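# Coordinate inspection notes
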Amino acid sequence: MLVRCVYASRLGKSHSSKLLNDILETSRKHNTKHGITGVLVATSDSFIQVLEGGRAQVSETYNAITQDKRHSDVTLLSFEEITQRSFEGWSMGEVTIGQLNPSVLLKHSATLHIDPFGMSGEAVLSLLKDVVASGTVVCGNATRGNRG
Ligand SMILES: Cc1cc2nc3c(=O)[nH]c(=O)nc-3n(C[C@H](O)[C@H](O)[C@H](O)COP(=O)(O)O)c2cc1C
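Residues numbered from 1 in each chain as written. Predicted model: local features only at pLDDT ≥ 70, side-chain atom pairs only at ≥ 80, totals over all residues. Heavy atoms only, no water.

### Points about the confidence of the model for the chain
Per-residue confidence for the chain averages 90 on the pLDDT scale, and 91% of its residues sit at or above 70. Throughout residues 144-148 the model reports pLDDT below 50, and contacts reaching past four residues in sequence, or to other chains, amount to 10 contacts. (pLDDT = per-residue confidence, 0-100. Contact = heavy atoms within 4.5 Å.)

### A closer look at the pairing of strand 3 (residues 46-54)
Counting buried residues in strand 3 gives nine out of nine residues, a clear majority hidden from the surface. By the bridge criterion, nine bridges tie strand 1 (residues 2-10) to strand 3 in an arrangement that is antiparallel. Bridging across to strand 3, Tyr7 finds its partner in Gln49. Taken together, the six bridges between strand 2 (residues 37-42) and strand 3 define a ladder with antiparallel strand orientation. Its bridge partner lying in strand 3, Val39 is registered against Val50. Taking the residues that link successive antiparallel strands as the turn, the strand 2-strand 3 hairpin has three residues. (Buried < 20%, exposed > 50% of the residue type's maximum accessible area, 1.4 Å probe, protein only. Helix = DSSP H or I, 4+ residues; strand = E, 2+ residues; numbered from the N terminus. Pairing = 2+ DSSP bridges.)

### Structural notes on the sheet that holds strand 5 (residues 93-96)
Taken together, five strands build an open sheet; the order of strands is 4-1-3-2-5 and the sheet is mixed. In the strand order of this sheet, the two ends are held by strand 4 (72-82) and strand 5, each with one partner. Averaged over all pairs of adjacent strands, the angle between their axes in this sheet comes to 15°, without regard to strand direction. Against the sheet, helix 2 (residues 55-66) makes contact with strand 1, strand 3 and strand 4, and its axis sits at roughly 155° relative to strand 3, the strand it touches most. (Axes fitted to C-alpha atoms, helices over the stretch in contact; angles between N-to-C directions.)

What follows is the structure, encoded as structure tokens:
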């Protein structure tokens, strides 16, 4: 049984590359071991993440993430059963919003400032799929190791 979970959270402080790297390193180790794939998008003041995998594994990981003090206001945007993955290529792909072509953002948002808390789960998922299609997801390749 495969599920997909999409959530958003807020960053107290601004991103540092160390913070992101620490999160991604833990995520990729754990996710590879537990068959979880997905993408983490870092905006200037929020995170958007999609997790796909077995229901128990995704639930457990999401529960751990909600307890993490490095972010706050963790808000579940969607949790659904799926028949196949859409983010199967990444143990945890990384996107910082500045890397994106503005047209990808403007397709889904009134301004270049993405506010996932004001968007439907469906709209956020659609944005994430376009982000992946735009080829801006880096590292965390699920099939070729973490540095792929
Ligand atoms: C924005 C964000 C995204 C995260 N994504 C994941 C993830 O995909 N997988 C994961 O195992 N941990 C992720 N973590 C880290 C977990 O919150 C937690 O630190 C990790 O699961 C280790 O938990 P443990 O110390 O209880 O073993 C994330 C943390 C943050 C702040």
